[in-house]
Amino acid sequence: MKSGVYLNEDMLAQVCKHNVTRFPYEISRLAQDIAGGLVVTLPSEKDFRHPVAGPLLKRFLVGRKGVDVENRMRILRLIENMTLGRNSVGYLTESMHGAGSPQAQRIQIQRQMQIGYKKNLAKKLAGITNDIEEPSEPSDYFNTNFPNQRFYS
């Protein structure tokens, strides 16, 4: 603005907030996928420290050469904690609702996305000239961001 005050682009802010609610879940899913079933079936630290069971567990839970079984266990516990355990409440739930309800974001995006303009753009790209309609939508996104330009006709 001329005054120096910055106003964010509301549509992009809603899209960004919506992605922020989605990606932590995808990251968690990928971490669990890479970790495999051990993330939920890994024996306890007490089992690893047991004089009889411990050596057997360390023998059969060896992974790649050069990676200590205890270090592998620690990483698996971290993944468990971040995606399923105590910390997932703060990480995943806060990611979902910290920026407002995802449904409210979707509604706001739907209001501002100007589907009529986009339909006309697609028709123009496809060479359709006899079915162009003047969009009547509540958003003024294109007029605000692209003044004096018509994207259809």
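Cut-offs applied
- Residue indices begin from 1 for each chain and proceed along its sequence in written order.
- Local features in a predicted model are, by the rule used here, given only for residues with pLDDT of at least 70; side-chain atom pairs are given and counted only at 80 or more, and totals for whole chains, interfaces and linings are based on all residues.
- Side-chain calculation: all heavy atoms of the structure are included, whereas hydrogens and water are not.
- Numbering of helices and strands starts at the N terminus; helices are DSSP runs of H or I of at least 4 residues and strands are runs of E of at least 2.
- Relative accessibility decides the category of a residue: with a 1.4 Å probe and only protein chains considered, values under 20% of the type maximum give buried, values over 50% give exposed, and everything between is partly exposed.
- A contact between two residues is defined here by any heavy atoms of the two lying within 4.5 Å.
- Areas reported as accessible are Shrake-Rupley estimates using a 1.4 Å probe. Residue values count occlusion only from the protein chains shown.
- Think of a nonpolar core as a cluster: buried Ala, Val, Leu, Ile, Met, Phe, Trp, Tyr and Cys residues, connected wherever their side-chain atoms sit within 4.5 Å.
- The term salt bridge refers to a side-chain nitrogen of Lys or Arg lying within 4 Å of a carboxyl oxygen of Asp or Glu.
- Only the stretch in contact is used when fitting a helix axis, every axis being a line fitted to C-alpha atoms; angles between N-to-C directions are given from 0 to 180 degrees.
- Orientation labels follow simple angle bins: below 35 degrees gives roughly parallel, above 145 gives roughly antiparallel, 65 to 115 gives roughly perpendicular, and whatever is left gives oblique.
- Put simply, a crossing is left-handed when the front helix is turned counterclockwise from the back one by less than a right angle, and right-handed when it is turned clockwise.
- Three residue categories are used. Nonpolar comprises Ala, Val, Leu, Ile, Met, Phe, Trp, Tyr, Cys and Pro, charged comprises Asp, Glu, Lys and Arg, and polar comprises the others, including Gly.

**Brief notes about the overall build of the chain**
Next up, step 1: Counting its regular elements, the chain contains nine helices and zero strands.
Next up, step 2: The secondary structure elements of the chain, listed N-terminal to C-terminal, are α-α-α-α-α-α-α-α-α.
Next up, step 3: A buried classification covers 24% of the 153 residues belonging to the chain.
Next up, step 4: Long-range pairs, those at least 24 residues apart, make up 60% of the contacts in the chain between residues at least 6 apart in sequence.
Next up, step 5: For the chain, the exposed area adds up to about 11000 Å²; of that, 58% sits on carbon and sulfur atoms.

**Quick notes on the environment of Pro24**
Next up, step 1: Within the secondary structure, Pro24 is located in helix α1 (residues 10-35).
Next up, step 2: For Pro24, a relative accessible area of 10% corresponds to the buried category.

**Side note on the nonpolar core**
Next up, step 1: Among the nonpolar cores identified, the biggest contains eleven residues, and these are Ala35, Leu38, Val39, Leu42, Phe48, Leu57, Leu61, Val69, Met73, Leu76 and Ile79.
Next up, step 2: Contributions of two or more residues to this core are made by α2 (38-41) and α5 (69-83).
Next up, step 3: If you tally residues by element for this core, the top one is α5, at four residues.

**Remarks on the pattern of salt bridges**
Next up, step 1: Here the structure, examined in full by the defined rule, presents five salt bridges.
Next up, step 2: Two residues, Arg49 and Glu70, come together in a salt bridge whose shortest N-O distance is 3.4 Å. Linking Arg49 in helix α3 (residues 45-49) with Glu70 in helix α5, this pair joins segments that are 21 residues apart in sequence.
Next up, step 3: Judged by relative accessible area, Glu70 falls into the partly exposed class, the value being 26%.

**Observations regarding the packing of α1 against helix α6 (residues 86-97)**
Next up, step 1: Put simply, α1 and α6 touch, their axes get as near as 7 Å, and they point 150° apart. As judged from the angle between their axes, α1 and α6 are roughly antiparallel. Crossing angle aside, the handedness with which α1 passes α6 is left-handed. Contacts from Val20, Thr21, Pro24, Tyr25, Ile27 and Ser28 of α1 reach α6 at Tyr91, Leu92, Thr93, Ser95 and Met96.
Next up, step 2: Its residues assigned to classes, the contact of α1 with α6 shows seven nonpolar, four polar and no charged.

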